Amino acid sequence: MSLKVAVIGGGASGMMAAINCAYTGAKVVLLERNDRVGKKLLATGNGRCNYTNENMKLDFLYGEDHLFIEKVMEKFNRDQTVEFFEKIGIVPASEGDGKIFPLSFQSSSVLDVLRYEMEKVGIEVLTDSYVVEIKKEKDFLVKLKEGKSIRGDRVIVTTGGRAMPVSGSDGNGYGLVKPLGHGTVETTPALVQLKLKGDIFKQINGVKFVGRVVLYIDGKRTKEDFGDVLFTDYGISGPPVLQISREAIRAQEKGIDTRVRISIISGKTKEEVFSYLKERFKNFPERTLDFGLVGLINKRLILPILKELDLDKNKVVGSLENREIEALAEILTSWEFPVIGNKGWGQAQTTAGGIMTKDINPDTMESKLVKGLFFAGEILDVDGDCGGYNLQWAWSSGYLAGLSAGSL
Ligand SMILES: Cc1cc2nc3c(=O)[nH]c(=O)nc-3n(C[C@H](O)[C@H](O)[C@H](O)COP(=O)(O)OP(=O)(O)OC[C@H]3O[C@@H](n4cnc5c(N)ncnc54)[C@H](O)[C@@H]3O)c2cc1C
């Protein structure tokens, strides 16, 4: 008789686990609390699903046990992922920055082919099935909210983390496995917008520019990224901000001094901007300061910057002292703001922290505490940068958990 495997959670890692488990010949049932699977997958990559990255580097994945991550990733890497998706119908496409999308640039295509494959290999998908308890007896008893229960020889837990709770992953999975002995590394939102200290944000809300965001933790330059930045009424947003948010939030929530320095004029040092401003102001010395910066930076930033530096907007640029031009050059290349919070789980794209990986076998994804219990995906203490790394983790860990649960 074939093994019966219950997969809890119909997200990216759950579907991947279910399919690869069914390939082994196991009888697989997938339990999803929503009325359909893959709700979050549809939202990925702005609806385009950035499902992996050409420059897949392990440095872009984080967790307390990095060796664990490396061991899992080497068993199902980027190339195997692209190949798997090609086999089920997804043609890979890249826009030159390494991010890989389906050529259709539609997340729904990825979900469609996964659902088709699940049907093809005979997976029983039970939606509206909210698991509330996993009991280890001789086999497993999986209890549903509605009162029903399901038995399985093995269970794979793929309930996701806490990011985007409206998609169904609201952190309830941690509670499901706690009675089985599985502890959690503290969770914080990651890949999320940052709230900054300052009273100018209402005024500059909506200003966009291409710049560098540098994170300073306890005075140390820790991480930086470059790209489209957006000032908002609470602070900053945009890809470089999401990219540094993990470290920023973990430090700020521990009460460590956490700051960002933003360069509005990209690719120039403070000294270069100083020389440029000296030259610029020499060319039209009669202009007032508020007009003197027009054409160089977004107009809406001029008055807040002058206010910040306590410079009179009516002062003519020809009369500026070197130290004043230096202060301008400093703020244009390194405008500093303390980080005071983040936009929370509703906006976060992933979860830093999660189920401790020291209790999981990286060769199989099986629990070291409960035989027959497997894990995959964001529920674990593994998260990645923006760029397809989180989904790659879901595919790699899902593949391994599914294969092992069906064949061990
Ligand atoms: C807006 C957004 C955009 C993103 N874009 C990208 C991107 O382009 N590239 C990338 O790599 N990553 C991206 N991510 C991250 C990526 O989507 C996740 O890391 C990944 O989907 C995690 O997969 P998972 O299967 O572990 O969890 P999830 O996809 O969260 O799936 C978990 C599933 O379990 C179900 N569930 C939870 N509890 C129970 C329960 N008790 N019983 C039954 N079912 C349950 C949930 O309803 C859910 O369907 C994005 C995330 C967000 C929020």
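About the criteria used
Residues numbered from 1 in each chain as written. Predicted model: local features only at pLDDT ≥ 70, side-chain atom pairs only at ≥ 80, totals over all residues. Heavy atoms only, no water. Pairing = 2+ DSSP bridges. Helix = DSSP H or I, 4+ residues; strand = E, 2+ residues; numbered from the N terminus. Axes fitted to C-alpha atoms, helices over the stretch in contact; angles between N-to-C directions. Domains from an automatic or database assignment. Contact = heavy atoms within 4.5 Å. Buried area = accessible area lost by both parts, 1.4 Å probe. Salt bridge = Lys/Arg side-chain N within 4 Å of Asp/Glu carboxyl O. Polar contact = N/O pair within 3.5 Å; in protein donor to acceptor, adjacent residues only side chain to side chain. Nonpolar A, V, L, I, M, F, W, Y, C, P; charged D, E, K, R; others polar. Near = heavy atom within 4 Å. Core = buried A, V, L, I, M, F, W, Y, C linked by side-chain atoms within 4.5 Å. Buried < 20%, exposed > 50% of the residue type's maximum accessible area, 1.4 Å probe, protein only. Phe/Tyr/Trp six-rings, centres within 6.5 Å; stacked < 30°, edge-to-face > 60°. Lys NZ or Arg CZ within 6 Å of the ring centre and 35° of its normal.

Caption draft 1: View of the sheet that holds strand β9 (residues 140–144). Strand order in this open sheet of three strands is β8-β9-β10, and the pairing throughout is antiparallel. Two strands close off the open sheet at either side, each with one partner strand: β8 (131–136) and β10 (149–152). Averaged over neighbouring strand pairs, the angle between their axes works out to 20° when direction is ignored. Across four bridges, β9 lies against β10 in antiparallel orientation. Across the sheet, residue Lys 143 finds its bridge partner in β10, namely Ser 149.

Caption draft 2: Structural view of the domain arrangement of the chain. What the domain assignment lists for the chain is domain 1 (4–190 + 350–407) and domain 2 (194–343). Computed over C-alpha atoms only, the centres of domain 1 and domain 2 are separated by 40 Å. Contact residues are listed per partner, giving 13 residues for domain 1 and ten residues for domain 2. Buried surface at the junction of domain 1 and domain 2, both sides included, amounts to about 870 Å², of which 45% is carbon and sulfur. Three residues stand out in domain 1 for area buried against domain 2, namely Thr 188, Pro 189 and Cys 386, and they jointly supply 47% of the buried area on that side. There are two salt bridges connecting domain 1 and domain 2. Here Lys 223 ties to Asp 385 by a salt bridge, and the two come within 3.2 Å at their closest N and O atoms. At the boundary of domain 1 with domain 2, the tally comes to seven residue pairs in polar contact (both at pLDDT 80 or more). Elements that contribute at least two residues to the side of domain 1 that touches domain 2 include exactly β12 (184–190) and β19 (350–355). Take the side of domain 1 that touches domain 2: its biggest share by element is six residues, from β12. A per-class count over the side of domain 1 that touches domain 2 returns six nonpolar, four polar and three charged.

Caption draft 3: Molecular detail of the site of the ligand. The environment of the ligand is made up of 35 residues, and the closest members are Ser 13, Glu 32, Asn 172, Glu 378 and Leu 391. Contact between the ligand and Glu 32: an oxygen atom at 2.6 Å from a side-chain N or O atom of the residue. Listed by contribution, the elements that provide at least two residues to the shell around the ligand are α1 (12–23), α2 (39–47), α6 (172–177) and α13 (389–407). Top element by residues in the shell around the ligand is α2. It accounts for four residues. Residue classes in the shell around the ligand are distributed as eleven nonpolar, 20 polar and four charged.

Caption draft 4: Here's a closer look at the nonpolar core. Counting residues in hydrophobic clusters, the biggest one holds 73 residues, and the most contacted among them are Leu 41, Leu 114, Ile 134, Trp 393 and Trp 395. Take this core: its biggest share by element is nine residues, from α13. Beyond its immediate sequence surroundings of up to four residues, Ile 134 is in contact with Ile 8, Phe 140, Leu 141, Val 155, Val 157, Leu 176, Val 177 and Leu 180. Of all hydrophobic cores here, the second largest spans 47 residues; its members include Val 241, Val 273, Ile 305 and Ala 348.

Caption draft 5: Quick peek at the pattern of salt bridges. Tallied over the entire structure, the rule returns 23 salt bridges. Its salt-bridge partner being Glu 224, residue Arg 221 comes within 2.8 Å of it at the nearest N-O pair. A residue is classified by how much of its surface remains accessible, and Glu 224, at 31% relative accessible area, is partly exposed. A salt bridge links Lys 270 to Glu 330, with the shortest nitrogen-to-oxygen separation between them at 3.1 Å. Residue Lys 270 is found in helix α9 (residues 270–283), and its partner Glu 330 is found in helix α12 (residues 322–333); the two are separated by 60 residues along the sequence.

Caption draft 6: The environment of Thr 44, seen in detail. Note that Thr 44 resides in helix α2. Among the residues examined, Thr 44 registers a relative accessible area of 16% and is labelled buried. Counting along the chain gives 62 residues from Thr 44 to Gln 106, while the straight-line C-alpha distance between them is 9.5 Å. Residues within four places of Thr 44 in sequence aside, it is in contact with Cys 49, Ser 107 and Leu 391.

Caption draft 7: Representation of the packing of aromatic side chains in the model. Summed over the entire model, instances satisfying the criterion amount to 13 aromatic pairs. Measuring from centroid to centroid gives 5.4 Å for Phe 101 and Phe 105, while their planes differ by 40°, and the two rings are tilted. One aromatic cluster is present, formed by Phe 201, Phe 209, Phe 231, Trp 335 and Phe 337 through successive ring pairs. Above the plane of the ring of Tyr 216 lies Arg 261, whose end atom (NZ or CZ) is 4.0 Å from the centre. The ring of Phe 284 is capped by Arg 287, whose NZ or CZ atom sits 3.8 Å from the centre of that ring.

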